[in-house]
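Observations on the three-dimensional arrangement
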Amino acid sequence: QVQLVESGGGLVQTGGSLRLSCVASGGTFSWYIMGWFRQGPGKEREFVSAIGKIGISTYYGDSVKGRFTVSRDNTKSAVYLEMNSLKPEDTAVYYCAAKSWGSTDSQDGYNYWGQGTQVTVSS
């Protein structure tokens, strides 16, 4: 069983930056593909980014491509999301998620989820 805890959310102005962290426990972290998702008010959950088990393969949703960077440190059982050039439309609850099976470029199959961290970008 894997537990995921996000941190790093907060209030930031348009154009600012923020780094989210997600720390895993209870499993072998390197066995898991990790993903980031977000859900804004009144919106469906949206794929943000994913990173492969050893951090080589990365994928991004179109809305964040070029602005966000995902990374992981398997020695710390942690995955990070560096968010730059933030826009008001980035305002959402951000969730990290894990899956042990499937491909990194698939948005399906995540079966472990954190509780989320709120990111608010002021206009």
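Preceding block: the structure.
What comes next concerns the included structure.

Here is what the cut-offs are and how they apply
Chains are numbered independently. Their residues run from 1 in the order of the written sequence. Totals for whole chains, interfaces and linings use all residues, but because this is a predicted model, local features are given only for residues with pLDDT of at least 70 and pairs of side-chain atoms are given and counted only at 80 or more. To obtain the side-chain values, all non-hydrogen atoms of the structure were included, while hydrogens and water were left out. The secondary structure listing takes helices from DSSP runs of H or I that are at least 4 residues long and strands from runs of E that are at least 2 residues long, numbered from the N terminus. Accessible area is worked out with a 1.4 Å probe on protein chains only. A residue is then buried under 20% of its type maximum, exposed over 50%, and partly exposed in between. For the purpose of counting charges, residues Lys and Arg are taken to be positive, whereas Asp and Glu are taken to be negative. His and the chain ends are not included. Every case where a carboxyl oxygen of Asp or Glu lies within 4 Å of a side-chain nitrogen of Lys or Arg is listed as a salt bridge. The criterion used for residue contact is that any of the two residues' heavy atoms lie within 4.5 Å. What makes a nonpolar core is a set of buried Ala, Val, Leu, Ile, Met, Phe, Trp, Tyr and Cys residues whose side-chain atoms join them at distances within 4.5 Å.

Some words on the side chain of Glu-6
The topology assignment puts Glu-6 in strand S1 (residues 3–7). Nearest to the buried, unbridged Glu-6 among oppositely charged side chains is Arg-45, at 8.2 Å. Apart from residues lying up to four places away in sequence, Glu-6 is in contact with Ser-21, Cys-22, Trp-36, Tyr-94, Tyr-95, Cys-96, Gly-114, Gln-115, Gly-116 and Thr-117.

Side note on the nonpolar core
By size, the foremost hydrophobic cluster in this structure holds 27 residues, and its most contacted members are Met-34, Trp-36, Leu-81, Met-83 and Tyr-94. Elements with a minimum of two residues in this core: strand S3 (18–25), strand S4 (33–39), strand S5 (46–51), strand S7 (68–73), strand S8 (78–83), strand S9 (92–99) and strand S11 (117–122). Not counting residues up to four positions away in its chain, the partners in contact with Met-83 are Gly-16, Ser-17, Leu-18, Leu-20, Arg-67, Phe-68, Tyr-94 and Val-119.

Observations regarding the environment of Thr-14
Along the chain, Thr-14 turns up in the loop between strand S2 (10–13) and S3. Overall, Thr-14 belongs to the partly exposed group, its relative accessible area being 44%.

With respect to unusual backbone geometry
In this model, Ser-77 sits at a positive phi of 50°, which is unusual for a non-glycine residue. Of note in the backbone geometry, Ser-85 takes a positive phi value of approximately 50° without being a glycine. Secondary-structure assignment places Ser-85 in the loop between S8 and S9. Of the residues examined, Ser-85 reaches a relative accessible area of 43% and is grouped as partly exposed.

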